[in-house]
Amino acid sequence: MIAVKTVDLRNDFKKVSDLVTSGEKVLISRPHNQNLVVISEKEYNELEKALRNAEYLKMVSESRRQLEEGKTYTFTMDELFAMEDMSSSEIQAFAEAHKDF
């Protein structure tokens, strides 16, 4: 990671931009420790994807724990089709009435 001052960023924006697009991370020093980090769009998108994946894996892990504890809902196909026309609050009430635990 390269650190630059705000004034250097202003004076050498193209140079700093070229560093970022070549994969370098740039720390921009600001007063009162309000620093910034500049990364490429590609790296930002990869970080966002990793965050979404981590959130998804956490959700899958929680679902698996609930399954192993027997905390499941069972519906017939007719019940699932009926829920298509329900509001989210109606679905919640319907599901609570049909939970298996």
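Residues numbered from 1 in each chain as written. Predicted model: local features only at pLDDT ≥ 70, side-chain atom pairs only at ≥ 80, totals over all residues. Heavy atoms only, no water.

Engineer: What am I meant to see in the overall build of the protein chain here?
Structural biologist: The helix and strand inventory of the protein chain stands at five helices and three strands. Shown N-terminal to C-terminal, the secondary structure of the protein chain runs as helices and strands in the order β-α-α-β-β-α-α-α. Relative to the globule expectation of 13 Å for 101 residues, the C-alpha radius of gyration of the protein chain, 25 Å, shows a markedly less compact shape. The principal-axis extents of the C-alpha atoms in the protein chain amount to approximately 65 × 30 × 30 Å. For the protein chain, the residues scored as buried account for 11% of the 101 residues in total. The contacts in the protein chain between residues at least 6 apart in sequence include a share of 34% that link residues at least 24 apart. When the accessible surface of the protein chain is split by element, carbon and sulfur atoms take 55% of a total near 8300 Å². Averaged over its 14 positive side-chain charges, the protein chain has a centre that lies 13 Å from the centre of its 19 negative ones. (Helix = DSSP H or I, 4+ residues; strand = E, 2+ residues; numbered from the N terminus. Rg over C-alpha atoms; globule rule 2.2 N^0.38 Å. Buried < 20%, exposed > 50% of the residue type's maximum accessible area, 1.4 Å probe, protein only. Contact = heavy atoms within 4.5 Å. Areas by Shrake-Rupley, 256 points an atom, 1.4 Å probe, with all protein chains shown as cover. Lys, Arg positive; Asp, Glu negative; His and termini not counted. Charge placed at Lys NZ, Arg CZ, Asp CG, Glu CD.)

Engineer: Explanation requested: the sheet that holds strand β1 (residues 2–5) in the structure shown.
Structural biologist: Remark on secondary structure: sheet strands pair via backbone hydrogen bonds, oriented parallel or antiparallel. The sheet built from three strands is open, its strands ordered β1-β2-β3 with mixed pairing. Pairing within the sheet leaves two strands with one partner each, and these edge strands are β1 and β3 (36–38). Geometrically, the sheet is characterised by an average inter-axis angle of 30° between neighbouring strands, direction not taken into account. In terms of strand pairing, β1 meets strand β2 (residues 26–29) through four bridges, oriented parallel. What sits directly across from I2, in β2, is V26. (Pairing = 2+ DSSP bridges. Axes fitted to C-alpha atoms, helices over the stretch in contact; angles between N-to-C directions.)

Engineer: Would you mind showing me how to read the environment of E55 here?
Structural biologist: Counting through the fold element by element, E55 comes out in helix α3 (residues 41–68). Distance in space between the C-alpha atoms of E55 and A82 is 30 Å, their sequence separation being 27 residues.

Engineer: Help me understand a nonpolar patch on the surface in this model?
Structural biologist: A contiguous nonpolar surface patch, about 420 Å² in accessible area, is contributed by Y56, L57, M59 and V60. You can see V60 is positioned in helix α3. (Patch = residues over 30% accessible without salt bridge, like charges linked within 9 Å, V, L, I, M, F, W, Y side chains within 5 Å. Salt bridge = Lys/Arg side-chain N within 4 Å of Asp/Glu carboxyl O.)

Engineer: Mind showing me how you'd approach the packing of aromatic side chains here?
Structural biologist: Each pair of aromatic rings is reported with the distance of its centres and the angle of its planes. One pass over the structure, following the stated rule, counts two aromatic pairs. An angle of 15° between the planes, with centres 5.9 Å apart, marks the rings of F75 and F94 as stacked. On the criterion of sequence distance, the pair formed by F75 in the loop between α3 and α4 (77–83) and F94 in helix α5 (residues 88–97) is long-range, its members being 19 residues apart. By way of ring pairs, the aromatic residues Y73, F75 and F94 are connected into one cluster. (Phe/Tyr/Trp six-rings, centres within 6.5 Å; stacked < 30°, edge-to-face > 60°.)

Engineer: I would appreciate a short explanation of the pattern of salt bridges in the present structure.
Structural biologist: Pairing is possible between side chains of opposite charge, provided their charged atoms come close. Taken as a whole, this structure holds six salt bridges when the rule is applied. Between E43 and K25 there is a salt bridge, with its nearest N and O atoms 3.2 Å apart. Linking E43 in helix α3 with K25 in the loop between α2 (13–21) and β2, this pair joins segments that are 18 residues apart in sequence. Judged by relative accessible area, E43 falls into the buried class, the value being 17%. Classification of K25 by relative accessible area gives partly exposed; the value is 33%. Residues R65 and E62 are paired through a salt bridge, measuring 2.4 Å at the closest nitrogen-oxygen approach. Placement of the pair is R65 and E62 together in helix α3, with a separation of three residues, close to one helical turn. We classify R65 as partly exposed; its relative accessible area is 33%. When salt bridges with common partners are traced through the structure, they connect E62, R65, E69 and K71 into a single cluster.

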